[in-house]
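Structure at a glance
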There are 2 protein chains.
Amino acid sequence: MDVPDDLARRAADLDVEHADAYRRELFSLPADLVYLDGNSLGALPRAVPAALADVAERQWGDRLIRSWNESDWWGAPERVGDRIGRLVGAAPGQVVVTDSTSVNLFKVFVAAARMRPQRRVVLTDPDSFPTDLYVLDGAARLAGLTVERVPPAEVATRLGQLGPDVALVSYSSVDYRTGELWDLPELTRIAHELGALACWDLCHSAGVVDVRLDDHGADLAVGCGYKYLNGGPGAPAFVYVRSEHQATFDSPITGWHGHVRPFAMEGAFDPAGGITRARVGTGPMLSILALEAALSAYDGLSVPAVRARSLSLTRFFVECLDALGHGDSVATPRDDGRRGSQVAVRHPEAYAVVQALMARGVIGDFREPDLVRLGFAPLYVSHHDAARAAVAVAEVVDGQEYEREEFRARATVT
Amino acid sequence: MDVPDDLARRAADLDVEHADAYRRELFSLPADLVYLDGNSLGALPRAVPAALADVAERQWGDRLIRSWNESDWWGAPERVGDRIGRLVGAAPGQVVVTDSTSVNLFKVFVAAARMRPQRRVVLTDPDSFPTDLYVLDGAARLAGLTVERVPPAEVATRLGQLGPDVALVSYSSVDYRTGELWDLPELTRIAHELGALACWDLCHSAGVVDVRLDDHGADLAVGCGYKYLNGGPGAPAFVYVRSEHQATFDSPITGWHGHVRPFAMEGAFDPAGGITRARVGTGPMLSILALEAALSAYDGLSVPAVRARSLSLTRFFVECLDALGHGDSVATPRDDGRRGSQVAVRHPEAYAVVQALMARGVIGDFREPDLVRLGFAPLYVSHHDAARAAVAVAEVVDGQEYEREEFRARATVT
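Everything numeric here is computed off the predicted structure, so don't read it as measured data. (Residues numbered from 1 in each chain as written. Chains lettered and ligands numbered in written order. Predicted model: local features only at pLDDT ≥ 70, side-chain atom pairs only at ≥ 80, totals over all residues.)

Overview of the pairing of strand E6 (residues 146–149) of chain B
Sheet topology places strand E5 (residues 121–124) of chain B next to E6(B); 4 bridges connect them, and they run parallel. Residue Val121(B) lies in a different strand from E6(B), and its bridge partner there is Thr146(B). (Pairing = 2+ DSSP bridges. Helix = DSSP H or I, 4+ residues; strand = E, 2+ residues; numbered from the N terminus.)

The following block contains the structure:
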């Protein structure tokens, strides 16, 4: 089935209306593929292969060790960090690209505990992405913290009960399963009211949600480079430490890149000023510089324009599902203010539905136990893609394609 | 001055004798450059740019998220780890590529403390590479350890005094400044005699020294991918956990890649079996796969042959310095059994000497306060290169070229 005429016309109108944040020509995507998995691995920006070739062949191959100075490899973590900073509303000098999200969470959790030594409780979401929970449990064990798992809606009440025992409130900006957007400004505000710090995981919002960390007073944040930032598989992560906390940010992993004089080769750790103290070891430069090239796709774009296009895409996708009789399966809030940049569709055979969609050229992913996740990366997904995806969902479900054996066999990694 | 005839003839003979481990044709190095900084950043293997282009354009760009299965990105950390394992004498399943050396040191230090809960002292070298000292101090603070800085030569005595208080003996295989090779078998043996664990930093030995971790009973080890392994700037690091310790390896940074069922998205950390539990977050795949391609330069080479060529190069370089009247400046042991793969030359104006050498096309590096470090990567450095470097050192020093203003101005990163 093709996209019905009325939805196709509406898609065309919306694509015109939100054309300012559409940059498909900057991405290398197979023709005809509807790629709705940019919330897991962003598409390849065309600038990346040439940048990688230059880094490998000229900077590394020809200039060798000299590139640490000549190409300022040394400054790349902060330089690329500032580019991400613009997208998450952080003034320069507060974001650095380093390590993985998990390692950054560990640093931030222990450092937060040290900023609030009289407080021993951390509140976090029981439905956080697992690594957030695992790392927090591991950090709590070392730092003497108690972790309480409290859904976002109950944080205010629980904070009121615990009061000055709470050191940190650590939540994701967007729920990785349902795509629900939590209220970062309000949760940050109530944490501060009781003297707690607020840490945000921006993995599913950096590059698509106008999180405005500085404006809302967020204390700490982390995020990855490989989703909407399009930095490539496993791209290095970032960490944000608000300026006013940097002097007291006491990282548990004290590597030489965080030292104030790394090449003095001193015997004791003396942390660098600013965000640099959140660095640890030598970062994977090929991956960091690929991320830098990838971020050029955002050059000149305003975050509110990107956010408007993202909301339009997800809103229109839900509208299409409604029109096709599948609105009830939507697990994501319909309220714009409560939605990130993905729509999750609930189905008991979600795994097989994802495989059947893939066979039709619509790529999303599966999350236990029953969710089809469809991420709408505003820079390269069109409203027409959204309509095609909705039609594909309707056909796979209505035609019970998910019953086919070929779609039910589980692969190793999903 | 050219290389004197007698040294040139001897270089030619040695190049023939050790031709089996010479693979210059597999590396992309500027003609006429004598590159003796492979102990800081290895040269570019020719296999890397094509591999990077394939990973970026086909695996990422065309196949997108599907490459996690199709190209087994998920298994890359263990797959590449096993390739490094062969070079350091570790049977498969004991090495994984993950994080940076500093982060791996942190994991290993805390895990070692947990394996020896009744023991609270760690011995380490006061002259370790700084990040080893910094990270150990940071881990000790969290894990309740006491760090004693004891030179390698005094470990046996100090161990005898402290006895069952020592949890861990943590040393570098090769001193990063002088290039001295420490006695890994003997230090490991005496640590075990008193019930302590032995951890080795292999940054300056992986790929050039036959460290034979399994044979010598090493418990834990870490190392980087960007020196003699030629993985590129900031290439991901590796960690070795001896098979018998894996079941009790209790990492402080419990990320989802170390979980036994990462995609079950469970609420509590349950470590994977084997070396996989040392993984943390999603690794930088471009950098990991560049390292994998780089390691192909070692395919079919025996580690003893590589080590024999490395020793011949450094021995001959010292012989050349002797012949040119500069043997007294050598800070590295002349005994083959006590030398890694670099020769350090002492000079009060070492920084300017390094710059002057660079202007002559001989690249080494400087380490505070007075060392010129010259690393001999056996796969792409020839004995003729060694002779040219010795002549350049003699000329720079004899001609006092280091006095020139242009060579004395300090750059940001050295």
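A short note on the sheet that holds strand E14 (residues 371–375) of chain B
All names here are of chain B. Taken in spatial order, the 3 strands make up an open sheet running E11-E14-E13, and their pairing is antiparallel. What marks the edges here is a single partner per strand, and that holds for strand E11 (342–346) and strand E13 (365–367). Strand-to-strand twist in this sheet, taken as the mean axis angle between neighbours without regard to direction, amounts to 30°. Two strands pair when backbone bridges link them, and E13 and E14 are joined in this way by 3 bridges, in the antiparallel orientation. Bridge assignment links phenylalanine 366 to a residue of E14, and that residue is valine 372. (Axes fitted to C-alpha atoms, helices over the stretch in contact; angles between N-to-C directions.)

Here's the deal with unusual backbone geometry
Residue Pro369(A) is reached from Glu368(A) by a cis peptide bond, and omega for that bond is -10°. Here the phi dihedral of Leu64(A) falls at roughly 50°; this positive angle occurs in a residue that is not glycine. With respect to the element layout, Leu64(A) can be found in the loop between helix H2 (47–62) and helix H3 (67–70). For Leu64(A), a count of 23 C-beta atoms within 10 Å corresponds to the buried category. The backbone of Asp99(B) shows a phi angle near 55°, a positive value even though the residue is not glycine. Checked against the element boundaries, Asp99(B) lands in the loop between strand E4 (95–97) and helix H5 (101–115). For Asp99(B), a count of 33 C-beta atoms within 10 Å corresponds to the buried category. (Buried ≥ 20, exposed ≤ 12 C-beta atoms within 10 Å, placed from the backbone.)

Remarks on the domain arrangement of chain A
Accessible area lost when the parts come together is the quantity often used to give the size of an interface. All names here are of chain A. Along its sequence, chain A is organised into domain 1 (5–23 + 301–408) and domain 2 (50–298). Taken over C-alpha atoms, the centre of domain 1 sits 30 Å from the centre of domain 2. Opposite the 22 residues of domain 1 that make contact, domain 2 presents 15 residues. Elements supplying a minimum of two residues to the side of domain 1 that touches domain 2: helix H12 (303–323) and strand E11 (342–346). Examining the composition of the side of domain 1 that touches domain 2, we find that 5 residues originate from one element, H12, more than from any other. (Domains from an automatic or database assignment. Contact = placed C-beta atoms within 7 Å.)

What about the nonpolar core?
Membership of the largest hydrophobic core comes to 301 residues, with the highest contact counts inside it found for Ala290(A), Phe317(A), Ala386(A), Ala290(B), Phe317(B) and Ala386(B). Ignoring any residue separated from it by four or fewer positions in sequence, one finds Ala386(B) in contact with Ala11(B), Leu313(B), Phe316(B), Phe317(B), Cys320(B), Phe376(B) and Val381(B). (Core = buried A, V, L, I, M, F, W, Y, C linked by C-beta atoms within 7 Å.)

Quick look at the relation of the copies chain B and chain A
Between chain B and chain A, which share one sequence, the superposing operator has a rotation angle of 180° and an axial displacement of 0.0 Å; the RMSD is 0.0 Å. With respect to symmetry, the two chain copies, as superposed, fit the operation of a two-fold axis. A share of 100% of interface residues in chain B that are also interface residues in chain A marks the association as one of identical surfaces. (Least-squares fit on C-alpha atoms with pLDDT ≥ 70 in both.)

Thoughts on the sheet that holds strand E9 (residues 220–223) of chain A
All names here are of chain A. If you trace the 7 strands from one edge of the open sheet to the other, you get E4-E10-E9-E8-E7-E5-E6, paired in mixed fashion. Every other strand in the sheet has two partners, leaving strand E4 (95–97) and strand E6 (146–149) as the edge strands with one partner each. Geometrically, the sheet is characterised by an average inter-axis angle of 20° between neighbouring strands, direction not taken into account. This element, helix H5 (residues 101–115), spans strand E7 (166–172), strand E8 (197–201), E9 and strand E10 (238–241) of the sheet and lies at about 170° to E9. Across the sheet, helix H8 (residues 184–193) is in contact with E7 and E8; its angle to E8 comes to roughly 155°.

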